[in-house]
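Understanding the architecture of this molecule
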Amino acid sequence: MAGTEIIGLVLQGGGALGAYQAGAFEELNAGGYSPYWYAGISIGAINAAIICGNPPDRRVARLREFWERITSGASMYFGAPEIMSAVSADVGASTAALFGAPGFFAPRLPPEAPLWPYPPTSLSLYDTQPLRDTLSELVDFDLINAKRNRLSVGAVNVRTGNFQYFDNMTEKISLDHILASGALPPGFPPVEIKGELYWDGGLVSNTPLQYILDNCDPKTNLCLFQVDLFSARGPAPETLFDVLHREKEIRYSSRTRFNTDLLKRAHDLRVTVNRLSKKIRPELLQDPDWLALSDFGDLAGVTIVQLIHRRAAYETGAKDYDFSRLSMDDHWKAGAADAVATLTNPKWVSRSRPDEDVVIFDCTKELYQADKKRGRS
């Protein structure tokens, strides 16, 4: 296994489902995998900021503190677990919609009139000052900007509609950058940064995988743990509620499989260019066209480990704003279980780090399919 390998953690947006990412990180951290590069969108940006904004020995505790602070309700139910989980999820989502989530967002009172003009940073159904206060307490932005880890978060420019990443290797990251990445309209207000307004990056792309692939050194091997909160694959809907659920999954899964397929095709092209370099006549080696093409022929190994939060039986289209403690605990445990299942899977344990290849692991897919056949979620 020649050369170095950068470990990255890619965190998708998904609101309350983000506890799954925290559980996965807890087990990856316990398993000795310490990512250098963190890239996040929306709740993924918030989780990444909490991780990068704390020393290694406090990261999991800070994540737990955040998720317990923003969720409510006892982690218990009575009667049939699946039925009561569904009831708890519905109550949790309805409670958040009506009253907000503690330490995260609160409804604007009185509500804003739809046709009345307001300052741009107040145009929303909810006020995110509670989140600003929470992250100010839990995240050390001086530590983030010390660049011991790389942090990249995505947002959308409201005026231009262009997607933009904020990266601590190229600029100073502030609380506003994290809030901008999670400013999903019309719930949350846009955030102003250097005279421009920004909304949630998930409006354009909910998975920051491509950013790392586009901005890494092509000669450096990568191992990327991609923690997705929405599954691109799912059953055909049977009810209108199922339609809402499935539509949201498709919209926010953000073409995960498309990106990995594109990566494979680009890698195959690099291999072709690399082979072609051995056939080029010496007089063409300094030709500008060949030089431009030969740069594309740099090869490195890329490993992508997919951890995908596949729906529980009781989840609905409101799962991303179900901020009940019961659901949070379930999501956290699911992320932890999937990370353990991946790290102990024989395919992963016996892996050889690729130096000139693209390898994709989805070690929990088979477990999920087996559970479905047994009638479980």
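Residues numbered from 1 in each chain as written. Predicted model: local features only at pLDDT ≥ 70, side-chain atom pairs only at ≥ 80, totals over all residues. Heavy atoms only, no water.

Here we look at the overall build of the chain
Put simply, the test is: Strands are runs of DSSP state E lasting at least 2 residues, helices are runs of H or I lasting at least 4, and numbering of each runs from the N terminus. Under the scheme applied here, a residue whose accessible area is under 20% of the maximum for its type counts as buried, over 50% as exposed, and between as partly exposed, the area being computed with a 1.4 Å probe on protein chains only. Contact criterion: two residues are considered in contact whenever any of their non-hydrogen atoms come within 4.5 Å of each other. In short, Shrake-Rupley with a 1.4 Å probe defines the accessible areas, and a residue's cover is counted only from the protein chains shown.
Per the secondary structure count, the chain includes 14 helices and 11 strands. The 377 residues of the chain split such that 49% are buried. Pairs at least 24 apart in sequence give 75% of the contacts found in the chain among residues at least 6 apart. Total accessible area computed for the chain in this model is approximately 18000 Å², and 57% of it derives from carbon and sulfur atoms.

Focus on helix H9 (residues 240–253)
Spelled out, the test is: To estimate the expected span of a helix, count its residues, drop one, and scale the result by 1.5 Å. Our arc is simply the arc of the directions from the helix axis toward the C-beta atoms.
Taking 1.5 Å per residue as the helical rise, H9 with its 14 residues ought to reach 20 Å, and the 20 Å between its terminal C-alpha atoms agrees with that figure. Of the positions making up H9, those classed as buried are His-245, Arg-246, Lys-248, Glu-249, Tyr-252 and Ser-253. Considered in projection along H9, the buried side chains sweep an arc of 155 degrees and stay on one side of the axis. In H9, those exposed residues whose orientation departs by more than 90 degrees from the buried face are Leu-240 and Leu-244.

Describing the confidence of the model for the chain
As a reminder of what qualifies: Each residue carries a pLDDT value, the predictor's own confidence for that position, ranging from 0 to 100.
With 88% of its residues at a pLDDT of 70 or more, the chain has an overall mean of 87. Here residues 373–377 is a poorly scored stretch, pLDDT under 50, and it has 6 contacts once near neighbours within four places are set aside; other chains count.

Looking at the environment of Ala-39
Looking at the element boundaries, Ala-39 is found in strand E2 (residues 37–41). Ignoring any residue separated from it by four or fewer positions in sequence, one finds Ala-39 in contact with Leu-9, Val-10, Leu-11, Ser-152, Pro-208 and Ile-212.

As for the side chain of Asn-157
Quick note on the threshold: Think of a polar contact as two N or O atoms within 3.5 Å of one another; within protein, one of them needs to be a possible hydrogen donor and the other a possible acceptor, and neighboring residues in sequence only count if both atoms come from side chains.
Within the secondary structure, Asn-157 sits in strand E5 (residues 150–157). In this structure the side chain of Asn-157 is engaged in a polar contact, spanning 3.0 Å, whose partner is the backbone nitrogen of Thr-160.

Let's talk about the layout of surface pockets
We count it as follows: Here the term cavity refers to a set of points on a 1 Å grid, laid over the protein atoms alone, in which a 1.4 Å probe fits but cannot get out; the term pocket refers to an open set having protein on both sides within 12 Å along at least five of seven lines, with lining residues being those that place an atom within 4 Å of a point. Grid points are joined across faces, edges and corners, and a volume is the space filled by probe spheres set on the points. Gly counts as polar in this scheme, as do all residues outside two lists: the nonpolar Ala, Val, Leu, Ile, Met, Phe, Trp, Tyr, Cys and Pro, and the charged Asp, Glu, Lys and Arg.
A volume near 590 Å³ is recorded for the second largest pocket. Gly-15, Leu-184, Phe-188, Asp-320 and Tyr-321 are the residues nearest the centre of the second largest pocket, which is lined by 28 residues in total. Breaking the lining of the second largest pocket down by element, the ones donating at least two residues are helix H2 (43–52), helix H4 (81–99) and H9. A per-element tally of the lining of the second largest pocket places H9 first, with 3 residues. Split into classes, the residues belonging to the lining of the second largest pocket amount to 16 nonpolar, 8 polar and 4 charged.

What about the nonpolar core?
Rules: The criterion is simple. A nonpolar core is a set of buried Ala, Val, Leu, Ile, Met, Phe, Trp, Tyr and Cys residues joined through side-chain atoms within 4.5 Å.
If you look at the biggest cluster of nonpolar residues, it comprises 66 residues, and the most contacted ones within it are Phe-66, Phe-104 and Leu-135. At 8 residues, H2 tops the list of elements feeding residues into this core.

Here we look at the side chain of Arg-310
With respect to the element layout, Arg-310 can be found in the loop between strand E10 (302–308) and helix H12 (325–343). Overall, the relative accessible area of 15% leaves Arg-310 in the buried class. A polar contact of 2.7 Å, which involves the side chain of Arg-310, links it to the side chain of Asp-362.

What about the pattern of salt bridges?
Rule in force here: Salt bridges are defined as contacts in which a side-chain nitrogen from Lys or Arg sits within 4 Å of a carboxyl oxygen from Asp or Glu.
Per the counting criterion, the structure on display carries 15 salt bridges. In this structure, the salt-bridge partner of Arg-64 is Asp-329, at a minimum N-O distance of 3.6 Å. Of the two residues, Arg-64 sits in helix H3 (residues 59–69) while Asp-329 sits in helix H12, which places them 265 residues apart along the sequence. With relative accessibility at 25%, the residue Arg-64 sits in the partly exposed group. What makes Asp-329 buried here is its relative accessible area of 16%. Note that Glu-247 is salt-bridged to Arg-251, the shortest N-O span being 2.6 Å. Note that Glu-247 and Arg-251 are positioned in helix H9 at a spacing of 4 residues, about one turn of the helix. With relative accessibility at 42%, the residue Arg-251 sits in the partly exposed group.

Details of the packing of helix H1 (residues 19–30) against H12
Quick note on the threshold: Every axis corresponds to a line fitted to the C-alpha atoms, with the helix fit spanning only the stretch in contact, and the corresponding angles, defined between N-to-C directions, vary from 0 to 180 degrees. We call two directions roughly parallel when the angle between them is under 35 degrees, roughly antiparallel when it is over 145, roughly perpendicular when it lies between 65 and 115, and oblique otherwise. Each crossing gets its handedness from the near helix: less than a right angle anticlockwise from the far helix is left-handed, clockwise is right-handed.
Contact geometry for H1 and H12: axes closest at 6 Å, N-to-C directions at 40 degrees. One finds that H1 runs oblique with respect to H12. For H1 against H12, the interelement crossing comes out right-handed. Residues Ala-19, Tyr-20, Ala-22, Gly-23, Ala-24, Glu-26, Glu-27 and Leu-28 of H1 form the contact with H12, whose participating residues are Met-328, His-331, Trp-332, Ala-334, Gly-335, Ala-336, Asp-338, Ala-339, Val-340 and Leu-343.

Notes on the packing of aromatic side chains
Counted only if it meets this: Under the pairing criterion, centres of Phe, Tyr and Trp rings, with the six-membered ring standing for Trp, must be within 6.5 Å; the plane angle then separates stacked pairs below 30 degrees from edge-to-face pairs above 60, leaving the rest tilted.
Inspection of every chain in the model, using the stated rule, returns 17 aromatic pairs. Look at Tyr-33 and Phe-225: their rings are 5.5 Å apart centre to centre, the planes differ by 65 degrees, and that puts the pair in the edge-to-face class. Linking Tyr-33 in the loop between H1 and E2 with Phe-225 in strand E9 (residues 221–228), this pair joins segments that are 192 residues apart in sequence. The class for Phe-225 is buried, based on a relative accessible area of 1%. On the numbers, 5.9 Å between centres and 35 degrees between planes, the contact of Phe-104 with Phe-188 is tilted. Residue Phe-104 is found in the loop between H4 and strand E3 (106–107), and its partner Phe-188 is found in the loop between helix H7 (175–181) and strand E7 (191–193); the two are separated by 84 residues along the sequence. Here a set of aromatic residues connected by ring pairs shows up, and it is made of Phe-66, Trp-67, Phe-104, Phe-105, Tyr-126, Phe-188 and Phe-323.

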